[in-house]
Amino acid sequence: MYQLNAFNPQQFLQQHWQKQPLLIRGGFPGFVDLLDEHDLAGLAQEPDIDARIVSRNGNNWQVAQGPFDDFAPHCHGQWSLLVQGVDLYLDEATELLNAFNFIPRWRIDDLMVSYSVPGAGVGPHLDQYDVFIIQGKGRRHWQVGNKGQYTEHRPHPMLGQVEPFEPIIDAVLEPGDILYIPPGFPHCGEAIEPSLNYSVGFRAPNQQDLLSSLADFALQQEGLTQRYQDPDLKSRTLSGEVLGSEVERIRELLQASLQGPAFTQWLGSFLSRGPQEESIEDAEVALDEVFEYLQNGNALQRRLDFKGIWLESDSPQVQLHLGELNIQLNKNLLPHLEPMLAHASWVKPSSMTGETLMQLCQAILPLINAGVWEPIED
């Protein structure tokens, strides 16, 4: 269990979230690494994982993209191994992410883990998302600059950096220290000792991301077929001219498509999407089997690439979204469902009545049969 120490979430959100960077000394006292560099190297060999090695010899930067069969050709000079999406492979990573559950689940993107030899890093750079960088074993020197306009350059086609900056944070992080960096603040970290770092990144979709996904969704919908109409059309001198009133009418037509249920269906899917949903396979587990299994104290294991959310609603029912999957359920089940979505495995608490368990089983049975949760007996 990872729990932030001497940390006020509300104060942080008011004073720092998307506003100012923050160094949190001893944020995780006695921090225990989720894995070591050998485990990380093992993940970097997996065919579906996003891994890279960034190395530097003097001013010569190199980037190698995984998966890796052989590390020797790439680990020269000062080098770092960076692996994205570690939370999809480690149950412990889910518990680490839960330490930041004061931020909505849909905003969490992934957990990146990096291992660096002394002197290694990826150079000064900017990110367009919020990130908490947790120091694991070793020590690392971090500098963070103020938000501003910085010239970007590419010492390698796969590596973006910015010019040197004046630091507003200049510190050496020890194990358990945390550095929060909002979007647009330049930063640079260099390992002093062989180091592990854990970067909890938060999703920040831009307009292009949203519109592209919405357009793909709209093409599959039968209800978004309302056509442009202009029964009050009048003659004009120049037929090539598009009147301002016509521009507004088209804008209103598009805005109307955002008001119906198709929009909320798309949004729930977009905000909860996972990277591996194409591998879903239907099973046929019976309701009474699931109920008896959980009533006997057995565990359900959640597939880690699913991230369940629901949209606020005045209705007594809500729609739970897990990417393309969704179910309707009563709001009174949400307090019981939340720990099932937050943790990698779940066991029925002793305080839960048989009636509540049956209601819960009835609600999530389609998701169990879709592979979101799997029965795992000890």
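Now for a look at the structure at hand.

## Some remarks on the overall build of the protein
Next, step 1: Counting its secondary structure elements, the protein contains 9 helices and 19 strands.
Next, step 2: Principal-axis analysis of the C-alpha atoms places the extent of the protein at approximately 75 × 70 × 45 Å.
Next, step 3: Burial statistics for the protein: of 378 residues in total, 45% are counted as buried.
Next, step 4: For the protein, contacts bridging at least 24 residues in sequence account for 77% of all contacts bridging at least 6.
Next, step 5: By element, 49% of the accessible surface of the protein is carried by carbon and sulfur atoms, the whole surface being about 20,100 Å².
Next, step 6: Side-chain charges in the protein split into 23 positive and 51 negative, and the spacing between the mean points of these groups amounts to 9 Å.

## Some thoughts on the sheet that holds strand β13 (residues 195-202)
Next, step 1: A sheet is described by the order of its strands in space; here 8 strands give the open sequence β1-β11-β6-β13-β5-β4-β2-β3, paired in antiparallel fashion. Only two strands of the sheet have a single neighbouring strand rather than two, namely β1 (22-24) and β3 (60-65). Pairs of neighbouring strands in the sheet enclose a mean axial angle of 20°, with direction left out of account.
Next, step 2: The pairing of strand β2 (residues 51-57) with strand β4 (residues 78-83) spans 6 bridges and is classified as antiparallel.

## Looking at the packing of helix α7 (residues 287-295) against helix α9 (residues 354-369)
Next, step 1: Relative to each other, α7 and α9 sit at 125°, their axes nearing to 9 Å. Here α7 lies oblique to α9, going by the angle between them. Crossing angle aside, the handedness with which α7 passes α9 is right-handed. Where α7 approaches α9, its residues L287, V290, F291, L294 and Q295 are matched on the opposing element by G354, L357, M358, C361, Q362, L365 and I368.
Next, step 2: Along the lines of polarity and charge, the residues of the contact of α7 with α9 split into 9 nonpolar, 3 polar and no charged.

## Quick word on the sheet that holds strand β18 (residues 345-347)
Next, step 1: Strands sit in the order β18-β14-β19 across an open sheet of 3 strands; the sheet is antiparallel. Looking at strand neighbours, the two that pair on one side only are β18 and β19 (373-376), the edges of this open sheet. Neighbour-to-neighbour, the strand axes of this sheet turn through a mean angle of 30°, independent of strand direction.
Next, step 2: Strand direction decides the pairing type here: strand β14 (residues 299-302) and β18, joined by 3 bridges, are antiparallel. Bridging across to β18, Q301 finds its partner in S345.
Next, step 3: Across the sheet, helix α8 (residues 334-342) lies against β14, β18 and β19, angled at about 60° from β14, the strand it touches most.
Next, step 4: With respect to the sheet, α9 is in contact with β14, β18 and β19, its orientation differing from that of β19 by roughly 110°.

## Overview of the pairing of strand β17 (residues 325-330)
Next, step 1: Of the two faces of β17, the one lined by L325, I327 and L329 is fully buried and the one lined by N326, Q328 and N330 carries no buried residue.
Next, step 2: Inspection of the sheet shows strand β16 (residues 317-322) paired to β17 by 6 bridges, in the antiparallel sense. When the sheet's bridge partners are listed, Q317 is paired in β17 with N330.
Next, step 3: Once β16 ends, the chain turns through 2 residues before running back antiparallel as β17, passing G323 with a positive phi of about 65°.

## Side note on the environment of I327
Next, step 1: Note that I327 resides in strand β17.
Next, step 2: With 38 residues separating them in the primary sequence, I327 and L365 have C-alpha atoms 9.8 Å apart.
Next, step 3: Residues within four places of I327 in sequence aside, it is in contact with V318, Q319, L320, A363, I364, P366 and L367.

## Some details on helix α3 (residues 91-98)
Next, step 1: Across the 8 residues of α3, 6 count as buried, placing the element largely inside the fold.
Next, step 2: All buried positions along α3 are accounted for by A93, T94, E95, L96, L97 and N98.
Next, step 3: Buried-residue contacts for α3 involve β5 (108-116), β6 (131-135), β13, β14 and α8.

## Considering a nonpolar patch on the surface
Next, step 1: Residues Y228, I250 and L254 make up a contiguous nonpolar surface patch of roughly 280 Å² in combined accessible area.
Next, step 2: Looking at the secondary structure, you find Y228 in the loop between α4 (207-218) and α5 (244-256).
Next, step 3: Given the relative accessible area of 32%, Y228 is considered partly exposed.

Calculation rules
Residues numbered from 1 in each chain as written. Predicted model: local features only at pLDDT ≥ 70, side-chain atom pairs only at ≥ 80, totals over all residues. Heavy atoms only, no water. Helix = DSSP H or I, 4+ residues; strand = E, 2+ residues; numbered from the N terminus. Buried < 20%, exposed > 50% of the residue type's maximum accessible area, 1.4 Å probe, protein only. Contact = heavy atoms within 4.5 Å. Areas by Shrake-Rupley, 256 points an atom, 1.4 Å probe, with all protein chains shown as cover. Lys, Arg positive; Asp, Glu negative; His and termini not counted. Charge placed at Lys NZ, Arg CZ, Asp CG, Glu CD. Pairing = 2+ DSSP bridges. Axes fitted to C-alpha atoms, helices over the stretch in contact; angles between N-to-C directions. Parallel < 35°, antiparallel > 145°, perpendicular 65-115°, else oblique. Left-handed = near helix turned anticlockwise from the far one by under 90°. Nonpolar A, V, L, I, M, F, W, Y, C, P; charged D, E, K, R; others polar. Patch = residues over 30% accessible without salt bridge, like charges linked within 9 Å, V, L, I, M, F, W, Y side chains within 5 Å. Salt bridge = Lys/Arg side-chain N within 4 Å of Asp/Glu carboxyl O.

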